[in-house]
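# Structural features, examined
Each chain is listed here by its residues.
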Amino acid sequence: MKHILKMFLAFATLVVAQDSTMNVEKEPSLPGWGVYVGGAFGNATAVDDLPDGTNLESRLVLPNIGVSKGLMLGPVPLIVGFGYHPRGYTYKATGNYAVEADYQIDMLDFWATVPYPVSDRAILQAGFLVGTCLGGKVTIDGDDTDLEDIEGEPDFGIMLGGGFAITEQVGVNCAYYVGLAEFDDINKFNGLVFNLGYNF
């Protein structure tokens, strides 16, 4: 719980500090407060070599949900956010001990990207994400088992992607996440993240 509070306070402090130093005229190229919902095609790479006949594959994980805000950090434009973003992958083993196990790791993340406009509707983005684990489960043959001893595990990585404004308030975003942390000393997460956002 203390990790969640620290992340929320970091997000709130950054936003409040920026709001208190803004000029009356708002930066026109950055969005205000917004909400988003989406998902990810999650995967992972094993820290150690997997046994022969086993591999990790991508799977759809839902939902991604959170809040975002555009702000200026000195001369640097940022889009920052805070939300729930599960990670996931499928573990497959063939041969005498064939098994297919779907993993979902529930994460609460703080993220920030630097937008680069390529047109009046499209941007490229690059940034980072850092999160803490809320728990997780593994599903085998329809049976769910809670994963123990992972709550509070950190994850962090970089994101590269872009966004497109459908209207002034509605937009879509897509980014590839590359995990840099060895989560639980077992895997590094990665995946294609997508969402639909609404700016107030």
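Everything in this summary refers to the structure shown in the same document. (Residues numbered from 1 in each chain as written. Predicted model: local features only at pLDDT ≥ 70, side-chain atom pairs only at ≥ 80, totals over all residues. Heavy atoms only, no water.)

## Observations concerning the pairing of strand β10 (residues 170-179)
Direction of pairing for strand β9 (residues 154-165) relative to β10: antiparallel, over a ladder of nine bridges. Residue pairing across strands places Ala165 opposite Gly171, the latter belonging to β10. The turn linking β9 back onto β10 is made up of four residues. Here β10 pairs with strand β11 (residues 187-199) via nine bridges, running antiparallel. Across the sheet, Ala175 pairs through a bridge with Val193, a residue of β11. (Pairing = 2+ DSSP bridges. Helix = DSSP H or I, 4+ residues; strand = E, 2+ residues; numbered from the N terminus.)

## Some details on a negative patch on the surface
Residues Asp48, Asp49, Glu182 and Asp185 make up a contiguous surface patch of negative charge. Checked against the element boundaries, Glu182 lands in the loop between β10 and β11. (Patch = residues over 30% accessible without salt bridge, like charges linked within 9 Å, V, L, I, M, F, W, Y side chains within 5 Å. Areas by Shrake-Rupley, 256 points an atom, 1.4 Å probe, with all protein chains shown as cover. Salt bridge = Lys/Arg side-chain N within 4 Å of Asp/Glu carboxyl O. Lys, Arg positive; Asp, Glu negative; His and termini not counted. Charge placed at Lys NZ, Arg CZ, Asp CG, Glu CD.)

## Regarding the pairing of strand β2 (residues 54-57)
Judged by which residues are buried, β2 turns out to be one-sided: Thr54 and Leu56 face inward and are buried, whereas Asn55 and Glu57, on the alternate face, are not. Of the pairings in the sheet, the one linking β2 to strand β5 (residues 87-93) comprises four bridges and is antiparallel in character. Note on β5: the bridge partner recorded for Thr54 is Ala93. (Buried < 20%, exposed > 50% of the residue type's maximum accessible area, 1.4 Å probe, protein only.)

## Let's talk about the pattern of salt bridges
Per the stated rule, a full pass over the model turns up six salt bridges. One salt bridge in this structure joins Asp109 and Arg87, with 2.8 Å as the shortest N-O distance. With a gap of 22 residues between them, Asp109 in strand β6 (residues 99-117) and Arg87 in strand β5 connect regions that are remote in the sequence. Taking the relative accessible area as the measure of exposure, Asp109 reaches 0% and is therefore buried. When the shortest N-O distance is used, the salt bridge between Arg87 and Asp155 registers 2.9 Å. Of the two residues, Arg87 is situated in strand β5 and Asp155 in strand β9; the sequence distance between them amounts to 68 residues. One continuous salt-bridge network, built from bridges that share partners, spans Glu57, Lys92 and Glu100.

## Some points on the environment of Tyr84
Take Tyr84: it is sitting in strand β4 (residues 76-84). For Tyr84, the contacting residues outside a window of four places in its chain are Pro63, Asn64, Ile65, Gln104, Asp106, Met107, Leu108 and Leu134. Among the polar contacts made by the side chain of Tyr84, one reaches the side chain of Asp106 at a distance of 2.7 Å. (Contact = heavy atoms within 4.5 Å. Polar contact = N/O pair within 3.5 Å; in protein donor to acceptor, adjacent residues only side chain to side chain.)

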